Amino acid sequence: MIVWSVANQKGGVGKTTTTITLAGLLSKQGKRVLLVDTDPHGSLTTYLGFDSDNVPASLFDLFQLKEYTESSVSPLILKTEIEGIDIIPAHMSLATLDRVMGNRSGMGLILKRALLALRANYDYVLIDCPPILGVMMVNALAASDRILIPVQTEFLAMKGLERMVRTLAIMQKSRNKGFKVTIVPTMYDKRTNASLQTLNQLKKDYPEQVWNSAVPIDTKFRDASLKHLPVSHFAAGSRGVFAYKQLLLFLERLDINE
């Protein structure tokens, strides 16, 4: 089972879009995919047509469990309308975890333990992270084989990337874990100098980590979200899908070589 977290401390850079699109493409390959929504706002949960305020169980319940076995964790998983994709949904109560349980011993490893109990059931786990460093992001990073950092191709997003890279460095030092990091340029508009300059700067500043392409602006992403479908299932021939297919091939090659 391969675990990828999609994270950035800046909002609006394409984290949920990246998560659901890669999941859709993997499911089309016949892979069994589990999505984990760690953001209290529940964007990924809502995207898939669930009311995050009224789900029967959520990721919050995971932190109340006494043990982490397949039988205890599985009831928290919801089937989606998309074949091959399940989700552990978010609930707004996740926002209280840092205050209520943040200092409890072992809190940062709960998600990792839970996913290990499910490793025979899924080929991939994709974790959609909140834009803040807290218990949920710490759990996601600790559970992951690779961190994907979507970065909007504009100047302000570069500042957010710097903060995220510093966060990962702190995590690596404190937990003695080496993260595989892939930076994913998003919302690229080839008609603007800002997008081109930002993409070039990313390649210059992070040559070993940045994907050597970019996800373009594509209105099909928004249209697909209205239908609660991955864009791969809504507009398979769109330029956005083509870009994410190339990204997926890139990531698969990295996982094989590393």
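All values reported here derive from a predicted model rather than from experimental measurement.

Reading guide: rules and limits
- Residues numbered from 1 in each chain as written.
- Predicted model: local features only at pLDDT ≥ 70, side-chain atom pairs only at ≥ 80, totals over all residues.
- Heavy atoms only, no water.
- Helix = DSSP H or I, 4+ residues; strand = E, 2+ residues; numbered from the N terminus.
- Rg over C-alpha atoms; globule rule 2.2 N^0.38 Å.
- Buried < 20%, exposed > 50% of the residue type's maximum accessible area, 1.4 Å probe, protein only.
- Contact = heavy atoms within 4.5 Å.
- Areas by Shrake-Rupley, 256 points an atom, 1.4 Å probe, with all protein chains shown as cover.
- Lys, Arg positive; Asp, Glu negative; His and termini not counted.
- Charge placed at Lys NZ, Arg CZ, Asp CG, Glu CD.
- Pairing = 2+ DSSP bridges.
- Axes fitted to C-alpha atoms, helices over the stretch in contact; angles between N-to-C directions.
- Phe/Tyr/Trp six-rings, centres within 6.5 Å; stacked < 30°, edge-to-face > 60°.
- Parallel < 35°, antiparallel > 145°, perpendicular 65-115°, else oblique.
- Left-handed = near helix turned anticlockwise from the far one by under 90°.
- Nonpolar A, V, L, I, M, F, W, Y, C, P; charged D, E, K, R; others polar.

Undergrad: What should I look at first to understand the overall build of the protein chain in this one?
TA: A tally of helices and strands in the protein chain yields 12 helices and 7 strands. Relative to the globule expectation of 18 Å for 258 residues, the C-alpha radius of gyration of the protein chain, 17 Å, shows essentially globular dimensions. With the C-alpha coordinates of the protein chain rotated into their principal frame, the extents come out at 55 × 40 × 35 Å. Taking all 258 residues of the protein chain together, 53% fall into the buried category. If you take every contact in the protein chain between residues at least 6 apart in sequence, the share linking residues at least 24 apart comes to 77%. When the accessible surface of the protein chain is split by element, carbon and sulfur atoms take 51% of a total near 12,100 Å². Here the protein chain contributes 30 positive and 24 negative side-chain charges, whose respective centroids are spaced 5 Å apart.

Undergrad: Would you mind going over the sheet that holds strand β4 (residues 85-88) with me for this structure?
TA: Whether parallel or antiparallel, the strands of a sheet pair through hydrogen bonds between backbone atoms. Here 7 strands make up an open sheet; going across it, the order is β3-β4-β2-β5-β1-β6-β7 and the pairing mixed. Sheet topology places β3 (78-79) and β7 (180-186) at the edges, where each strand pairs with a single neighbour. Sheet analysis places strand β2 (residues 33-37) next to strand β5 (residues 124-128), joined by 5 bridges and oriented parallel. Along β5, the bridge assignment pairs Leu34 with Val125. Packing against the sheet, helix α12 (residues 239-257) makes contact with β1 (2-6), β5, β6 (146-152) and β7, and its axis sits at approximately 170 degrees to β7.

Undergrad: Just to check I follow, could you spell out the packing of aromatic side chains for this structure?
TA: Aromatic ring pairs are defined here through the distance separating the ring centres and the angle between the ring planes. Scanning the entire structure with this criterion turns up 2 aromatic pairs. The interplanar angle of 65 degrees and the centroid separation of 5.1 Å between the aromatic rings of Trp4 and Tyr124 together place this pair among those described as edge-to-face. Linking Trp4 in strand β1 with Tyr124 in strand β5, this pair joins segments that are 120 residues apart in sequence. For Tyr124, a relative accessible area of 7% puts it in the buried group.

Undergrad: In this structure, what is going on with the pairing of β4? I would like to understand it.
TA: A regular strand places its side chains so that they alternate between the two faces of the sheet. Neither face of β4 is left uncovered, since the one carrying Ile85 and Ile87 and the one carrying Asp86 and Ile88 both have all their residues buried. In this sheet, β4 lies alongside β2 in parallel orientation, the contact comprising 4 bridges. Pairing of Leu34 across the sheet is with Asp86, part of β4. Of the strand pairs in this sheet, β3 and β4 are connected by 2 bridges, and their pairing is antiparallel. Bridge pairing links Leu78 to Ile87 in β4. Between β3 and the antiparallel strand that follows it, β4, lie 5 residues; Gly84 among them carries a positive phi value of about 90 degrees.

Undergrad: Hey, could you run me through the packing of helix α6 (residues 110-117) against helix α7 (residues 135-143) in this one?
TA: Two quantities define a packed helix pair, namely the angle between the helix axes and the distance between the axes. Orientation of α6 relative to α7, taken along the N-to-C sense of each, is 45 degrees, at an axis distance of 7 Å. Relative to α7, the element α6 lies oblique. As for how α6 packs across α7, the hand of that crossing is right-handed. In this structure, α6 contributes Ile110, Leu111, Lys112 and Leu115 to the contact, and α7 contributes Asn139, Ala140, Ala142 and Ala143. Of the residues contributing to the contact of α6 with α7, the split by class is 6 nonpolar, 1 polar and 1 charged.

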